[in-house]
Amino acid sequence: KNEVEQSPQNLTAQEGEFITINCSYSVGISALHWLQQHPGGGIVSLFMLSSGKKKHGRLIATINIQEKHSSLHITASHPRDSAVYICAVDSGGGADGLTFGKGTHLIIQP
Amino acid sequence: EAQVTQNPRYLITVTGKKLTVTCSQNMNHEYMSWYRQDPGLGLRQIYYSMNVEVTDKGDVPEGYKVSRKEKRNFPLILESPSPNQTSLYFCASSPSPLGRDEAFFGQGTRLTVV
């Protein structure tokens, strides 16, 4: 089974800072997802990617398939970005879907 | 609006009292799945369903049952809940097995078993 590691586990930053969250996995994948979970709320899909880079507003996700590594970047961070960010991978082996990282708890202070 | 709806959002119950957490999606998705989320462990899959009447165990199925009689509904049943099932539960759906398409998650159900 794929092992998914995220770093850092916790991150506190000031508003406006550039944020980077990292995800590495142990076995080749067919797709990687970045998810966002707000306190007390549900989980929202941010990105699904299998190569290269995707951008949505202030969020950018990149993946390096050879290095088995992905990063999620947040530019001009804002307190509303405070959430848990979860990396999940699909190893493509069957119908059981995603393997999840433990999440990165991000706090953006005003 | 495309959504996955779970009910209830919060539930406190006693050991041994059967309960059902409902999950419904309005996107005609074939694939649905249940997860539990525990501190330090992340999300772990309980059961999944590829389509109506097709269900299978995930990583942590013990103590849970599911059914898929209609495409839109995928209830999670705890026949005899125990305190170690206290957790945050999420239902998810997708057009195909999660990972190959965007996944849609419910708002979560926080269950406490005393």
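### Quick word on the overall build of chain B
Counting secondary structure elements, chain B contains zero helices and eleven strands. Listing the helices and strands of chain B from first to last along the sequence gives β-β-β-β-β-β-β-β-β-β-β. Its C-alpha radius of gyration of 13 Å places chain B within 12% of the 13 Å reference for a compact globule of 114 residues. When its C-alpha atoms are laid out on the principal axes, chain B stretches across 35 × 30 × 25 Å. Of all 114 residues assigned to chain B, the portion counted as buried reaches 51%. As presented, chain B carries roughly 5300 Å² of accessible surface, and 50% of it is formed by carbon and sulfur atoms. Averaging the coordinates of the 13 positive side-chain charges in chain B and doing the same for the 11 negative ones gives two points 6 Å apart.

### A few points about unusual backbone geometry
Of note, the bond from Ser7(A) into Pro8(A) is cis; its omega dihedral lies within 30 degrees of zero at -10°. Tracing the chain through its elements places Pro8(A) in the loop between strand S1 (4-7) and strand S2 (10-14). Positive phi, close to 60°, is recorded for Asn28(B), a residue that is not glycine. Note on placement: Asn28(B) falls in the loop between strand S3 (19-25) and strand S4 (31-38).

### Some remarks on the state of the cysteines
Summed over the entire model, instances satisfying the criterion amount to two disulfides over all chains. The partner cysteine of Cys23(A) in its disulfide is Cys87(A), sulfur to sulfur 2.0 Å. On the S-S bond that ties Cys23(A) to Cys87(A), the torsion sits near -60°, and the link is left-handed. Within this pair, whereas Cys23(A) is found in strand S3 (residues 19-25), its partner Cys87(A) is found in strand S9 (residues 83-90), the two being separated by 64 residues in sequence. With respect to class, Cys23(A) is no different from Cys87(A); both count as buried. In this model, Cys23(B) is linked to Cys91(B) through a disulfide, with the two sulfur atoms separated by 1.8 Å. Disulfide Cys23(B)-Cys91(B): torsion about the S-S bond near -70°, hence left-handed. One end of the pair, Cys23(B), is in strand S3; the other, Cys91(B), is in strand S9 (residues 87-94), with 68 residues separating them in the sequence. As far as burial versus exposure is concerned, Cys23(B) and Cys91(B) are alike and both buried.

### Some details on the sheet that holds S3(A)
All names here are of chain A. What the five strands build is an open sheet, ordered S1-S3-S8-S7-S6; its pairing is antiparallel. Each having just a single partner strand, S1 and strand S6 (52-56) make up the two edges of the open sheet. Along the sheet, successive strands turn relative to each other by an average axial angle of 15°, direction set aside. As defined by bridge partners, strand S7 (residues 59-64) adjoins strand S8 (residues 69-74) across six bridges and the pair is classed as antiparallel. The residue bridging alanine 61 from the neighbouring strand is leucine 72, located in S8.

### Examining the pattern of salt bridges
Pairs can form between side chains of opposite charge once their charged atoms are near each other. All names here are of chain B. This structure, assessed with the given rule, holds five salt bridges over all chains. Of the charged contacts in the structure, one is a salt bridge between aspartate 38 and arginine 44, with a shortest N-O distance of 2.8 Å. Residue class for aspartate 38 comes out buried when judged on its relative accessible area of 11%. Each of Lys18, Lys65 and Glu79 takes part in one network of salt bridges that share partners.

How each quantity is defined
Residues numbered from 1 in each chain as written. Chains lettered and ligands numbered in written order. Predicted model: local features only at pLDDT ≥ 70, side-chain atom pairs only at ≥ 80, totals over all residues. Heavy atoms only, no water. Helix = DSSP H or I, 4+ residues; strand = E, 2+ residues; numbered from the N terminus. Rg over C-alpha atoms; globule rule 2.2 N^0.38 Å. Buried < 20%, exposed > 50% of the residue type's maximum accessible area, 1.4 Å probe, protein only. Areas by Shrake-Rupley, 256 points an atom, 1.4 Å probe, with all protein chains shown as cover. Lys, Arg positive; Asp, Glu negative; His and termini not counted. Charge placed at Lys NZ, Arg CZ, Asp CG, Glu CD. Disulfide = S-S within 2.5 Å. Pairing = 2+ DSSP bridges. Axes fitted to C-alpha atoms, helices over the stretch in contact; angles between N-to-C directions. Salt bridge = Lys/Arg side-chain N within 4 Å of Asp/Glu carboxyl O.

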